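For reference, the chains in residue letters:
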Amino acid sequence: MNSNWREWRHITKLDPDKSIRPGEVEAIATSGTDALMLSGTLNVTKENVTELREQVKEYGLPLVVEPADPSGVIFDDIHGLFVPSVLNTPEPVWIVGKHEYWVKNTKNIPWDLVVPEAYIVLNPNSSVGRVTRAVCNLPAEDVAAFATVADRYFKFPIVYIEYSGTFGNPEIVKAASEAVEDALLYYGGGINSKEKAAEMAKYADTIVVGNAVYDNGATVLRETVRAVK
Ligand SMILES: CC(C)=CCC/C(C)=C/CC/C(C)=C/CC/C(C)=C/COP(=O)(O)OP(=O)(O)O
Ligand SMILES: O=P(O)(O)OC[C@@H](O)CO
Ligand SMILES: [Mg+2]
């Protein structure tokens, strides 16, 4: 297991609100992906996150929980807790509000596990786009400026270009990659082939594959891993 998250090239995002057949879990875990991220926007609870963790933990891959709300946070038997802030939302609750609530109401947060992520959400039809009311019709220069604010000003270690559910514009991802100096650039959205994986991996440090696991299966997942490693 490579538990150094700064070196991960490929992450598989599993949704606690969806089910995977037991045979398929092994195929996912042995695909060559660097880590499993347990995350979704809708219908995520401590119970279904815990259930998914139990289903995947025996394979020895790093497990990261990425909560959409404090109610979905678990601390036990995970290697990281990646906490998003959405930069291009008009609602501060998605930038810092839920975070304040979480800290105020939680004892003994294991800060060593916590990695902040600066999300730039670019698909208005995704759950995360709808829920956060993100302003998604941004030209490349605005995305680049958000990326620089995240990297140089707020010092977020991760800038995440999020097109969840649809394949994004490579020119925008390229502009973000040129704007980021120290942060790692994550790209996620619509990767379901080796070509799409390779295209975004030209610019992103790390690609995230989610829906393809459920829609296309572990063979395609493995293809996306091979394309970037
Ligand atoms: C402070 C704490 C502990 C939590 C709040 C963290 C915040 C502000 C999250 C806001 C952004 C968000 C909802 C992130 C969730 C991760 C994510 C984008 C998952 C993918 O979501 P979709 O694929 O759009 O959703 P579904 O798969 O549920 O449709
Ligand atoms: O599900 P997909 O479209 O692969 O997107 C991956 C991830 O960025 C979602 O948060
Ligand atoms: Mg999803």
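Scroll up for the structure.
Please read these numbers as outputs of a predicted model, since none were measured by experiment.

S.K.: I keep staring at the overall build of the protein chain and nothing clicks. Help me out?
M.R.: The number of helices and strands found in the protein chain is nine helices and eight strands. Within the protein chain, the fraction of its 229 residues that count as buried is 52%. A separation of at least 24 residues holds for 70% of the contacts in the protein chain among residues at least 6 apart in sequence. On the protein chain, roughly 10,700 Å² of surface is accessible, and the fraction owed to carbon and sulfur atoms is 49%. Across the protein chain, the centroid of the 22 positively charged side chains sits 1 Å from that of the 31 negatively charged ones.

S.K.: Please clarify how the nonpolar core should be interpreted in this entry.
M.R.: Inside soluble globular proteins, nonpolar side chains tend to come together where they are buried. Leu14, Leu81, Ile161 and Ile207 are the most contacted members of the largest nonpolar core, which has 58 residues in total. The element that contributes the greatest number of residues to this core is helix 6 (residues 170-179), accounting for five residues. Once you skip the residues sitting within four places of it in the chain, Leu14 turns out to touch Ile20, Ile28, Leu36, Met37, Leu38, Ser39, Leu52, Val56, Val213 and Tyr214. Core analysis: the next-biggest nonpolar cluster, separate from the first, contains 20 residues, Ile11, Tyr119, Ala134 and Cys136 among them.

S.K.: Teacher, can you tell me more about the site of ligand 1 here?
M.R.: Lining the immediate environment of ligand 1, one finds 25 residues, of which Thr41, Leu42, Ser127, Val128 and Ser164 sit closest. In the environment of ligand 1, an oxygen atom lies 2.9 Å from a nitrogen or oxygen atom belonging to the backbone of Leu42. Take Ser127: an N or O atom from its side chain is 2.5 Å from an oxygen atom of ligand 1. About the coverage of ligand 1: the protein hides 93% of its 750 Å² of free accessible area. Along the lines of polarity and charge, the residues of the shell around ligand 1 split into 12 nonpolar, seven polar and six charged.

S.K.: So what exactly am I meant to see when it comes to the site of ligand 2 here?
M.R.: As a structural note, the neighbourhood of ligand 2 is formed by Lys13, Tyr160, Glu162, Ser164, Gly165, Gly188, Gly189, Gly190, Val208, Val209, Gly210 and Asn211. The separation between an oxygen atom of ligand 2 and a polar side-chain atom of Tyr160 is 2.7 Å. The separation between an oxygen atom of ligand 2 and a polar side-chain atom of Glu162 is 2.5 Å. Alone, ligand 2 offers 300 Å² of accessible surface; in the complex the protein occludes 93% of this. For the shell around ligand 2, the secondary-structure elements that each account for two or more residues are strand 6 (158-162) and strand 8 (206-209). Across the shell around ligand 2, the residue classes break down as three nonpolar, seven polar and two charged.

Criteria and thresholds
Residues numbered from 1 in each chain as written. Chains lettered and ligands numbered in written order. Predicted model: local features only at pLDDT ≥ 70, side-chain atom pairs only at ≥ 80, totals over all residues. Heavy atoms only, no water. Helix = DSSP H or I, 4+ residues; strand = E, 2+ residues; numbered from the N terminus. Buried < 20%, exposed > 50% of the residue type's maximum accessible area, 1.4 Å probe, protein only. Contact = heavy atoms within 4.5 Å. Areas by Shrake-Rupley, 256 points an atom, 1.4 Å probe, with all protein chains shown as cover. Lys, Arg positive; Asp, Glu negative; His and termini not counted. Charge placed at Lys NZ, Arg CZ, Asp CG, Glu CD. Core = buried A, V, L, I, M, F, W, Y, C linked by side-chain atoms within 4.5 Å. Near = heavy atom within 4 Å. Polar contact = N/O pair within 3.5 Å; in protein donor to acceptor, adjacent residues only side chain to side chain. Nonpolar A, V, L, I, M, F, W, Y, C, P; charged D, E, K, R; others polar.

Worth remembering: the numbers are spatial, not functional.
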